[in-house]
Amino acid sequence: MAEQALLPLYPQLTALGTPAPTASPSRENNDVEYVPLAIGSVLNRCLNPRLPFRWTINPYRGCELACTYCYARYTHRFFELTRWQDFERRIFFKRRAASRLERELRRRDLRRQPIAIGTATDPYQPAEIHYRVTRSLLEVFASVESLELSITTKSPLILRDLDLLTTLDRVHSVTAQVTITTLDPGLARRIEQRAPSPQARLRTVRTLAAAGISTTVFCMPLMPGINNDEDSLAPLFAAARDAGADDVVASPLFLRPAARDRFLPWLRSEFPALEGLYRSLYGRQDYLPTVQRDRLMAHFRHLRLLYGFPRRRAARG
Ligand code: SF4
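Here's a quick rundown of the structure.

About the criteria used
- Residues numbered from 1 in each chain as written.
- Predicted model: local features only at pLDDT ≥ 70, side-chain atom pairs only at ≥ 80, totals over all residues.
- Heavy atoms only, no water.
- Buried < 20%, exposed > 50% of the residue type's maximum accessible area, 1.4 Å probe, protein only.
- Helix = DSSP H or I, 4+ residues; strand = E, 2+ residues; numbered from the N terminus.
- Contact = heavy atoms within 4.5 Å.
- Expected span 1.5 Å × (residues − 1).
- Axes fitted to C-alpha atoms, helices over the stretch in contact; angles between N-to-C directions.
- Left-handed = near helix turned anticlockwise from the far one by under 90°.
- Nonpolar A, V, L, I, M, F, W, Y, C, P; charged D, E, K, R; others polar.
- Patch = residues over 30% accessible without salt bridge, like charges linked within 9 Å, V, L, I, M, F, W, Y side chains within 5 Å.
- Areas by Shrake-Rupley, 256 points an atom, 1.4 Å probe, with all protein chains shown as cover.
- Salt bridge = Lys/Arg side-chain N within 4 Å of Asp/Glu carboxyl O.
- Lys, Arg positive; Asp, Glu negative; His and termini not counted.
- Charge placed at Lys NZ, Arg CZ, Asp CG, Glu CD.
- Near = heavy atom within 4 Å.
- Pairing = 2+ DSSP bridges.
- Right-handed = clockwise from strand over helix to strand, strands pointing away.
- Core = buried A, V, L, I, M, F, W, Y, C linked by side-chain atoms within 4.5 Å.

Observations regarding helix H6 (residues 162-171)
Now for step 1: Within H6, the full set of buried residues consists of Leu162, Leu164, Leu165, Thr166 and Leu168.
Now for step 2: Check the buried side of H6 and you find it contacts helix H5 (133-141), strand S8 (148-153), strand S9 (173-179) and helix H8 (198-210).

Have a look at this one:
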């Protein structure tokens, strides 16, 4: 997809012009500032045995897509940036990430160790149009074989790299994970303020699946009273299935303190009737309590099966 065609998705970037070199000094666009970040390594080891990957890569720190619930907000606190706005408006892009990755791949054998790109921040957020850090990493992965790669995004910008993804899929296992929390564009605009519309994401799923890329729709986070009922999930599952997704996956809202500082004031303003419910559910812990979590996930699994997920790629016509 031509980059120019993607710019209307991110009107705040249309004035930026040609891509900037990754070594450029920090720059600003409207209210967003892009800042180069020197790094020691690209690959981060994941030690949590409950997660399905062993390594993670996040080309950017901060995310301009500005989802109210974003759990990764805490990562800006490592830079002593504590206002919730900083996470959305001060975006760090990793300098020389590709050469770092090349060096790390020379040193490590990562075969059969799943690598997840975009676990904390979106690798195809608007900054990628100009800085191309994610694409540079995929180009490095094209020089090796037999890896398990997954990429999580809300953005059709991933389609810019479809050529590369299909090439990579011949020598690695590649899965695209497209997050869609609701089909309702009005609700999406309220909860994911600068993210592409759900319909644009569905079209992205369709194009990826048609190109033969294994594609999962991430229906997460599930937020009680907002996007977890059957009236929300059933049409989303039907649309995901019709678009060619192989699976749908979900998890409930996770409210770390940094996410809570953004989410709860937003909830009070947008869904005041739900404030009491969330204070009782998340008042003492970051996770949904076990009873509610089990009930919510059981309902999700039931619907998932009802709509024919997971689908086997080989079984598709
Ligand atoms: S797209 Fe992902 S990383 Fe970006 S703000 Fe939304 S939840 Fe956070």
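Having put the structure on the table, let's press on.
Quick word on helix H9 (residues 230-243)
Now for step 1: Its 14 residues place the ends of H9 19 Å apart at the C-alpha level, agreeing with the 20 Å of an ideal helix rising 1.5 Å per residue.
Now for step 2: At its buried positions, H9 is contacted by H8, strand S10 (214-218), strand S11 (247-249) and helix H12 (290-306).
Now for step 3: A positive backbone phi angle near 100 degrees is found at Gly244, which sits one or two residues after H9.

Examining the packing of H9 against H12
Now for step 1: H12 packs onto H9 with a crossing angle of 35 degrees between their chain directions and a minimal axis gap of 10 Å. Crossing angle aside, the handedness with which H9 passes H12 is right-handed. Facing H9, whose interface residues are Glu230, Leu233 and Phe237, H12 presents His299, Phe300, Leu303 and Arg304.
Now for step 2: Residue composition of the contact of H9 with H12, by class: 4 nonpolar, 1 polar and 2 charged.

Comments concerning a positive patch on the surface
Now for step 1: Together, Arg45, Arg103, Arg106, Arg107 and Arg108 give the surface a local cluster of positive charge.
Now for step 2: Checked against the element boundaries, Arg108 lands in the loop between helix H3 (97-107) and strand S7 (115-117).
Now for step 3: The class for Arg108 is partly exposed, based on a relative accessible area of 32%.

Structural notes on the pattern of salt bridges
Now for step 1: Summed over the entire model, instances satisfying the criterion amount to 20 salt bridges.
Now for step 2: With its nearest N and O atoms 2.9 Å apart, the salt bridge here joins Asp247 to Arg304. Taken together, the positions of Asp247 in strand S11 and Arg304 in helix H12 put the pair 57 residues apart, joining distant regions of the chain.
Now for step 3: One continuous salt-bridge network, built from bridges that share partners, spans Glu128, Arg135, Glu139, Arg160, Asp161 and Asp163.

Quick look at the site of the ligand
Now for step 1: Surrounding the ligand, one finds Cys63, Leu65, Ala66, Cys67, Tyr69, Cys70, Ala120, Thr121, Asp122 and Lys154.
Now for step 2: When grouped by side-chain class, the residues that make up the shell around the ligand number 7 nonpolar, 1 polar and 2 charged.

Brief notes about the pairing of S10
Now for step 1: Counting buried positions along S10 yields 5 of 5 residues, so the element is predominantly enclosed.
Now for step 2: Of the two faces of S10, both are covered, the one formed by Ser214, Thr216 and Phe218 as well as the one formed by Thr215 and Val217.
Now for step 3: Bridge count between S9 and S10: 5 bridges; the pairing is parallel. Paired with Gln177 across the bridge in S10 is Thr216.
Now for step 4: With 3 bridges connecting them, S10 and S11 associate as parallel partners. Bridge pairing in S11 places Phe218 opposite Val249.
Now for step 5: Following the chain from S10 across H9 to the adjacent parallel S11, one finds a crossover that is right-handed.

Things to note about the nonpolar core
Now for step 1: Counting residues in hydrophobic clusters, the biggest one holds 93 residues, and the most contacted among them are Phe141, Ile226, Phe263 and Tyr278.
Now for step 2: Ranked by residues supplied to this core, first place goes to H9 with 8 residues.
Now for step 3: Residues within four places of Ile226 in sequence aside, it is in contact with Leu187, Ser232, Phe263, Trp266, Leu267, Phe271, Leu274 and Tyr278.

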